[in-house]
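Close look at the chain arrangement
Spelled out, the chains give:
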Amino acid sequence: MKLPPLRAVQYFEVVARLNSFSKAAEKLSVTQSAVSHQIRLLEDFLGESLFDRQGRLLQLTPVGQRYYDDVADPLQAIARASHQVREGVSGQLRLAVFSSLAVKWLMPQLSDFRQQHPEIDLALEMFADHPHLSDKLADCFIVDFEPGRNYQYDLLYKEYLYPVCSNKIWQQIKDKPLPDALWDYPLLSVTSLMENDWAQWCKLGGFALPNHVKIHSFSHMLLATEAARYEHGITFLNYYFMNEIDREQLVRIPMHEMPTGDSLYFVYKKHRARQPEILKLGRWLQQISAQEELGN
């Protein structure tokens, strides 16, 4: 089945709705001759006249009226669907975020966003690895990489790690000289953060990691955090994993921080940069990110 020129169908719908070639040209931001040309193309394709023109009087022919009735609603549906893909559904927003970040950082604070912006229906989507930035997954994302040229990205924070331990271990080492007191306990290393994290932390502090220290490796910070909570040793945390529950059960050891070189970004498509829901969410995320760093 051969389709008519879609631009010609669009121009026809506007002319028929406004009942004027000149008003249609103004609406479409084109010349009146361009509108007339598209209508002629459509009439040639259909083999029928769509308008009766008698001087300044313009009206649809019976065929034109039937054609308009058939194409008007589908064209509006296409326009609505295209708008929703580009701009999203008004009042609704889907945010995709690392599962661990959602559980440890975002969920405990989400009620604050809902109180500030009850008009926004925010839905969370979680991923475990680098996501494909697609509207099929979400409208906006929190990721640890800078996206392609079609995306806008706002820096939320640069990651720094600091050592933490359980309250029990802290009571045992708080009056002893640091870092020597740390070496009496296993060090919990997170292999996904950076290579040789404890050795690099020691180098940054200007001292060496003793050879006799036991090091237990974990694939994720969540696992190492739980191990530290159950007094298995000393690990690293960042600002965003140290939530209220952790602060009750874990103690930040007063020693230097270590940058990982990673950052988190709030990411969305450039053509949606002025969407009110995205602007409000972005401001809120930057606000709580700044508060998190100040609070630590």
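Reading the values: rules and limits
- Residues numbered from 1 in each chain as written.
- Predicted model: local features only at pLDDT ≥ 70, side-chain atom pairs only at ≥ 80, totals over all residues.
- Heavy atoms only, no water.
- Buried < 20%, exposed > 50% of the residue type's maximum accessible area, 1.4 Å probe, protein only.
- Helix = DSSP H or I, 4+ residues; strand = E, 2+ residues; numbered from the N terminus.
- Axes fitted to C-alpha atoms, helices over the stretch in contact; angles between N-to-C directions.
- Parallel < 35°, antiparallel > 145°, perpendicular 65-115°, else oblique.
- Left-handed = near helix turned anticlockwise from the far one by under 90°.
- Contact = heavy atoms within 4.5 Å.
- Nonpolar A, V, L, I, M, F, W, Y, C, P; charged D, E, K, R; others polar.
- Core = buried A, V, L, I, M, F, W, Y, C linked by side-chain atoms within 4.5 Å.
- Phe/Tyr/Trp six-rings, centres within 6.5 Å; stacked < 30°, edge-to-face > 60°.
- Lys NZ or Arg CZ within 6 Å of the ring centre and 35° of its normal.
- Expected span 1.5 Å × (residues − 1).
- Pairing = 2+ DSSP bridges.

**Notes on helix α9 (residues 221–229)**
Every buried residue belonging to α9 is among M221, A224, T225, A227, A228 and R229, and all of these are buried. Just downstream of α9 lies E231, where phi reads positive at about 65°.

**Here we look at the packing of helix α1 (residues 6–18) against helix α2 (residues 21–28)**
In contact at an axis separation of 8 Å, α1 and α2 are set at 125° when each is read in the N-to-C sense. Considered as vectors, α1 and α2 are oriented oblique to each other. In the packing of α1 onto α2, the handedness of the crossing is right-handed. Contact residues: Q10, Y11, V14, V15 and L18 in α1; F21, K23, A24, K27 and L28 in α2. Grouping the constituent residues of the contact of α1 with α2 by class yields 7 nonpolar, 1 polar and 2 charged.

**A look at the nonpolar core**
Looking at soluble globular proteins, one finds that nonpolar side chains tend to be buried together. By size, the foremost hydrophobic cluster in this structure holds 69 residues, and its most contacted members are L101, I142, I173, W201, F266, L281 and L285. The leading source of residues in this core is strand β6 (residues 151–166), at 7 residues. Filtering out sequence-adjacent residues up to four positions away, L285 remains in contact with W105, L106, I142, L156 and F266. Within the second largest apolar cluster, 22 residues are counted, among which are V9, Y11, F12 and V71.

**Considerations on unusual backbone geometry**
For the bond from L178 to P179, the omega torsion is 10°, close enough to zero to count as cis. For P179, the location among the structural elements is in the loop between α7 (167–173) and β7 (187–190). One non-glycine residue, N19, lies in the positive phi region at around 55°. Considering the arrangement of structural elements, one finds N19 in the loop between α1 and α2.

**Thoughts on the packing of aromatic side chains**
The geometry of an aromatic ring pair is captured by the separation of the ring centres together with the interplanar angle, meaning the angle of the planes. Within the structure shown, the criterion is met by 16 aromatic pairs. Arranged with centres 6.0 Å apart and planes meeting at 40°, the rings of Y162 and Y239 form a pair that is tilted. Here Y162, found in strand β6, pairs with Y239, found in the loop between β9 (235–237) and α10 (244–249); they are 77 residues apart in sequence, far enough to count as distant. Given the relative accessible area of 0%, Y162 is considered buried. An aromatic cluster is built from F12, F21, F51, Y67 and Y68, whose rings are joined through pairwise contacts. Directly above the aromatic system of Y162 lies the positively charged group of R252, at a separation of 3.9 Å from the ring centroid.

**Some details on α1**
Under the 1.5 Å per step criterion, the end-to-end length of α1 is 19 Å for 13 residues, consistent within 8% with the ideal 18 Å. When α1 is considered as a whole, its buried residues turn out to be A8, V9, Y11, F12, E13, V14, V15 and A16.

**A closer look at the pairing of β6**
Where β6 lies against strand β11 (residues 258–269), 9 bridges are found, and the strand directions are antiparallel. Across the sheet, residue L161 finds its bridge partner in β11, namely M258. Strand direction decides the pairing type here: β6 and β9, joined by 3 bridges, are antiparallel. By the bridge assignment for β9, Y162 is matched with L237. Sheet analysis places β6 next to strand β10 (residues 250–252), joined by 3 bridges and oriented antiparallel. Counted as the bridge partner of S166 is L250 from β10.

These values are about where atoms sit, not about what they do.
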